[in-house]
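Structural characterization, general
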Amino acid sequence: MPAISDTLDPPTQQLKYLLAIETSCDETAAADLDGDFTILSNIVLSQDEIHAPYGGVVPELASRQHLKSIDPIVRESLAVAGISLDKIDVYAVTQGPGLIGSLLVGLSFAKGLAYYFQKPLIGIDHVQAHIQSAFLEHRKISFPALALIVSGGHTSLFFLKKKLRFDLIGRTRDDAAGEALDKIAKFLELGYPGGPVIQKLAENGDPARFDFALPRMTDRSLDFSFSGLKTAALRIIRENGISKGYPQLTDFLASFESAVVRALLENMFRAADRLHPKSLILCGGVARNKRLRAEFEKRAATSSLDFYIPSPKLCTDNAAMVGGLALEKLKSEKKPPFSLDLDAYPRSRPNPSPERSAKNRD
Ligand code: KG4
Ligand code: ZN
């Protein structure tokens, strides 16, 4: 008896519609795209309210909620796009990295659809999809490109020599930037997710009021570290008795947010000086942050490089970015990896890029 995956052939005729599913963390998302990369629908259901009392994502609650939401969210995406399931030519789904229980809900649902309708399914890497979100709005980004992905789970630099070539050249050695923002907000009982709350409160604060020393890698690699900034923040909180009702809370948050932004951009522009890309891309959930966007645009504008930040809705987790990467692979790769044998993976897949090991250490 043939394996189920053997029964599915890649689409032979013109691809008209693709349905993408994303459930890697605490957003249940589905999107429909046409073959020209037009986003017909992009539905995201956040679980923020469910996890807010805990100050962070509770994995088991996340997967249980995906199980409840996945069917209505896929249906809604189809209704908004004005198409029915039998019109879908290809399915795309996030395979990892992420929470295993959450990923398995999306994967199983997508496999069920692909099997029932006998259509191909393509597995997509969540971090690469974040980067690809920039290409959904700008089809002509020049290569090589340097991409900084900043989210709650990841803070990484990628060098893209050409389309679909994602070389990891630096990543956080401890907390992700979004995680550091979320943890400080949790400590001060400001709410979850912390990034947007801090942004709002920091708007009227003085970013120069509290000093934060920026992290420096002793081996001069392009890796990030946010645990030092987090520890410094906790020390300032303790020494100054900072709490929710503290009069200078806004100054403290503006100073902390500004330090996180500086740490991110210092490293990114150091990498740019070293690798001479033609374009810069800033993406991931934290790329919604107004201070980060403004500082990035200010610094990038003084360079001769093209620069891109996806619109806010495409920065945080969504399925349109998953569909965008799937379409790019379908159009570019001779034999895209279609399979129903897809398994979920929790951590980023190792990428022993030559850039990371040699070129980027000076
Ligand atoms: O990309 P994303 O939706 O999920 C992951 O892949 O992790 O990113 C979520 C992260 C959270 O840490 C959240 O606090 C942060 O993005 N975030 C922000 C803002 N909006 C979301 N951080 C700073 N400012 C924002 N406006
Ligand atoms: Zn993400």
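Reading the values: the criteria
Residues numbered from 1 in each chain as written. Chains lettered and ligands numbered in written order. Predicted model: local features only at pLDDT ≥ 70, side-chain atom pairs only at ≥ 80, totals over all residues. Heavy atoms only, no water. Near = heavy atom within 4 Å. Polar contact = N/O pair within 3.5 Å; in protein donor to acceptor, adjacent residues only side chain to side chain. Areas by Shrake-Rupley, 256 points an atom, 1.4 Å probe, with all protein chains shown as cover. Helix = DSSP H or I, 4+ residues; strand = E, 2+ residues; numbered from the N terminus. Nonpolar A, V, L, I, M, F, W, Y, C, P; charged D, E, K, R; others polar. pLDDT = per-residue confidence, 0-100. Contact = heavy atoms within 4.5 Å. Pairing = 2+ DSSP bridges. Axes fitted to C-alpha atoms, helices over the stretch in contact; angles between N-to-C directions. Salt bridge = Lys/Arg side-chain N within 4 Å of Asp/Glu carboxyl O. Buried < 20%, exposed > 50% of the residue type's maximum accessible area, 1.4 Å probe, protein only.

Some points on the site of ligand 1
The environment of ligand 1 is formed by 19 residues, the closest being Gly 152, Asp 182, Gln 199, Gly 285 and Asp 317. For ligand 1, an oxygen atom lies 3.3 Å from a polar atom in the side chain of Ser 151. One nitrogen or oxygen atom from the side chain of Gln 199 is found 3.0 Å from a nitrogen atom belonging to ligand 1. In isolation ligand 1 has 550 Å² of accessible area, and contact with the protein removes 90% of it. Breaking the shell around ligand 1 down by element, the ones donating at least two residues are helix 4 (126-137), helix 5 (177-187) and helix 6 (194-202). Broken down by class, the residue content of the shell around ligand 1 amounts to 5 nonpolar, 11 polar and 3 charged.

Re the confidence of the model for the chain
Mean pLDDT for the chain: 92, with 93% of residues reaching 70 or above. Of the regions scoring below 50 in pLDDT, residues 352-362 engages in 30 contacts with residues more than four places distant in sequence or in other chains.

Some words on the sheet that holds strand 9 (residues 279-283)
Read from one edge to the other, the open sheet built from 5 strands follows the order 8-7-6-9-10, with strand pairing classed as mixed. The open sheet is flanked by strand 8 (167-171) and strand 10 (306-308), the only strands paired with a single partner. Averaged over neighbouring strand pairs, the angle between their axes works out to 20° when direction is ignored. Pairing analysis gives 3 bridges linking strand 9 to strand 10, with the strands arranged parallel. Each bridged residue has a counterpart across the sheet, and for Leu 280 the counterpart in strand 10 is Phe 307. Packing against the sheet, helix 4 makes contact with strand 6 (145-150), strand 7 (155-160) and strand 9, and its axis sits at approximately 120° to strand 9.

Focus on the pattern of salt bridges
Close approach of charged atoms allows side chains with opposite charge to pair. Summed over the entire model, instances satisfying the criterion amount to 16 salt bridges. Note that Arg 139 is salt-bridged to Glu 328, the shortest N-O span being 3.3 Å. Residue Arg 139 is located in the loop between helix 4 and strand 6, and its partner Glu 328 is located in helix 11 (residues 320-332); the two are separated by 189 residues in the primary sequence. Residue classification places Arg 139 among the partly exposed residues on the basis of a relative accessible area of 39%. When salt bridges that share partners are traced, they join Asp 175, Glu 179, Lys 183 and Lys 230 into one network.

Some thoughts on the pairing of strand 8
Counting buried positions along strand 8 gives 4 out of 5 residues, so the element sits mostly inside the fold. Taken together, the 4 bridges between strand 7 and strand 8 define a ladder with antiparallel strand orientation. Bridge assignment links Leu 157 to a residue of strand 8, and that residue is Gly 170. Between strand 7 and the antiparallel strand that follows it, strand 8, lie 6 residues; Leu 164 among them carries a positive phi value of about 65°.

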